[in-house]
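Topology and contacts: notes
What follows is the residue order along each chain.
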Amino acid sequence: MKTAIKLFTLIFIFTISSNVFSQSQDDMKAWMEYMTPGPVHEMLAKADGEWTGEVTMWMSPDAPPMKSVSSAVNKMIMGGRYQLSEHKGSMMGMPFEGMSITGYDNASKMIVNTWIDNMGTGILSVKGPLDEATKSCTMTGTMTDPLTGKESMVKEKFTIIDDNTQKLEMWDSKSGTEQKVMEITFKRK
């Protein structure tokens, strides 16, 4: 039995090693480019620090907007590859906290973002191309609508206005038509 385990282990190690060593120089170069932070990651890093958010939310198109204030702390993680953003505030009279991870996927050339918060148990995931001319990114994705249990399309637009001001806008299409549901203007503390 011990001999069979040793033999299996050696065959496994040989197989893995031969796959790693059989990669071409082009393959290795592609992996290095994929894993190396670049100019877009540097742009994300400029937003590290503390921010205050002026939040406007529309619960329905015919209702007046709800306004609140939030705070956010951004910091680059994993060697400058992703930005972790932690948010706190209040929503509908309840304490609110949320967290996002934003990155730039060198292979797909897309900004990618995930969001979680204490107002649900799902994960929102969106992605989209960076428009360097307008310093904005329109991202799309899906989230589960808690009222129906079905996937709902979501669109977000993130805009860097200047080094100390950013704006995040969000639309959903739960009603069958796209409607703006949130806008946050962030100011650096």
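Use the structure listed above.
One structure accompanies this document, and this report is about it. Note that residues are indexed from 1 along each chain, following the sequence as it is written. Per-residue local features of the predicted model are confined to residues with pLDDT of at least 70, and side-chain atom pairs are confined, for both listing and counting, to 80 or more; whole-chain, interface and lining totals are unaffected and use all residues. By convention in this description, side-chain values take in all heavy atoms of the structure and omit both hydrogens and water.

Digging into the overall build of the protein chain
Counting from the N terminus, the helices are the DSSP runs of H or I reaching at least four residues and the strands are the DSSP runs of E reaching at least two. A tally of regular secondary structure across the protein chain gives three helices and 11 strands. Each helix and strand of the protein chain, ordered N terminal to C terminal, gives the series α-α-α-β-β-β-β-β-β-β-β-β-β-β. Should any heavy atoms of two residues lie within 4.5 Å, those residues are considered in contact. Contacts in the protein chain between residues far apart in sequence, at least 24 positions, make up 30% of those at least 6 positions apart. Using a 1.4 Å probe, accessible areas were evaluated by the Shrake-Rupley method; residue-level cover was limited to the displayed protein chains. As displayed, the protein chain has an accessible area near 12600 Å², and 62% of this comes from carbon and sulfur atoms.

Points about the pattern of salt bridges
Every case where a carboxyl oxygen of Asp or Glu lies within 4 Å of a side-chain nitrogen of Lys or Arg is listed as a salt bridge. Within the structure shown, the criterion is met by four salt bridges. Note that E33 is salt-bridged to K29, the shortest N-O span being 3.3 Å. Here E33 and its partner K29 are both found in helix α2 (residues 25-35), four residues apart, which amounts to about one turn of the helix. Ionic pairing is found between K180 and E169, a salt bridge with its closest N-O pair at 2.9 Å.

Remarks on a nonpolar patch on the surface
Only residues above 30% relative accessible area that lack a salt bridge enter a patch, with like-charged residues linked at up to 9 Å and the nonpolar side chains Val, Leu, Ile, Met, Phe, Trp and Tyr linked at up to 5 Å. Residues M59, M66, M92, M94 and M119 make up a contiguous nonpolar surface patch of about 440 Å² in total accessible area. Working definition: with a 1.4 Å probe on protein chains only, accessible area under 20% of the residue-type maximum means buried, over 50% means exposed, and in between means partly exposed. Residue classification places M66 among the partly exposed positions, given a relative accessible area of 31%.

Points about unusual backbone geometry
A positive phi angle, close to 55°, is found at M92, a residue other than glycine. By secondary structure assignment, the location of M92 is in the loop between β3 (82-91) and β4 (94-105). Note on M92: relative accessible area 47%, which makes it partly exposed. For K135, which is not a glycine, the phi torsion comes out positive at approximately 50°.

Brief notes about the packing of aromatic side chains
Aromatic contacts are taken between Phe, Tyr and Trp rings whose centres are within 6.5 Å, Trp giving its six-membered ring; a plane angle under 30 degrees counts as stacked, one over 60 as edge-to-face, and the others as tilted. Here the structure, examined in full by the defined rule, presents two aromatic pairs. An angle of 80° between the planes, with centres 5.7 Å apart, marks the rings of W31 and Y34 as edge-to-face. One end of the pair is W31 and the other is Y34, both in helix α2 and three residues apart, which spans about a single turn. Judged by its relative accessible area of 39%, Y34 is partly exposed. Geometrically, the ring pair formed by F96 and W115 is stacked, given 6.3 Å between the ring centres and 20° between the ring planes. Here W115 lies in strand β5 (residues 110-117) and F96 lies in strand β4, a separation of 19 residues in the sequence. The exposure class of F96 is buried, given its relative accessible area of 14%.

Here's the deal with the side chain of T56
Mapped onto the secondary structure, T56 falls in strand β1 (residues 49-57). Two N or O atoms form a polar contact when they lie within 3.5 Å of each other; inside protein one atom must be a possible hydrogen donor and the other a possible acceptor, and for residues adjacent in sequence the pair counts only when both atoms belong to side chains. Reaching out from T56, the side chain makes a polar contact with the side chain of K67 at a distance of 3.3 Å.

Points about the nonpolar core
Here, the term nonpolar core denotes a set of buried Ala, Val, Leu, Ile, Met, Phe, Trp, Tyr and Cys residues that are joined through side-chain atoms within 4.5 Å. Residues I111, M170, M182 and F186 are the most contacted members of the largest nonpolar core, which totals 21 residues. Elements with a contribution of two residues or more to this core: β1, β4, β6 (124-128), β8 (136-144), β10 (165-172) and β11 (179-188). Apart from residues no more than four positions distant in its own chain, M170 is found in contact with L124, M143, V154, K155, E156, Q179, K180, V181 and M182.

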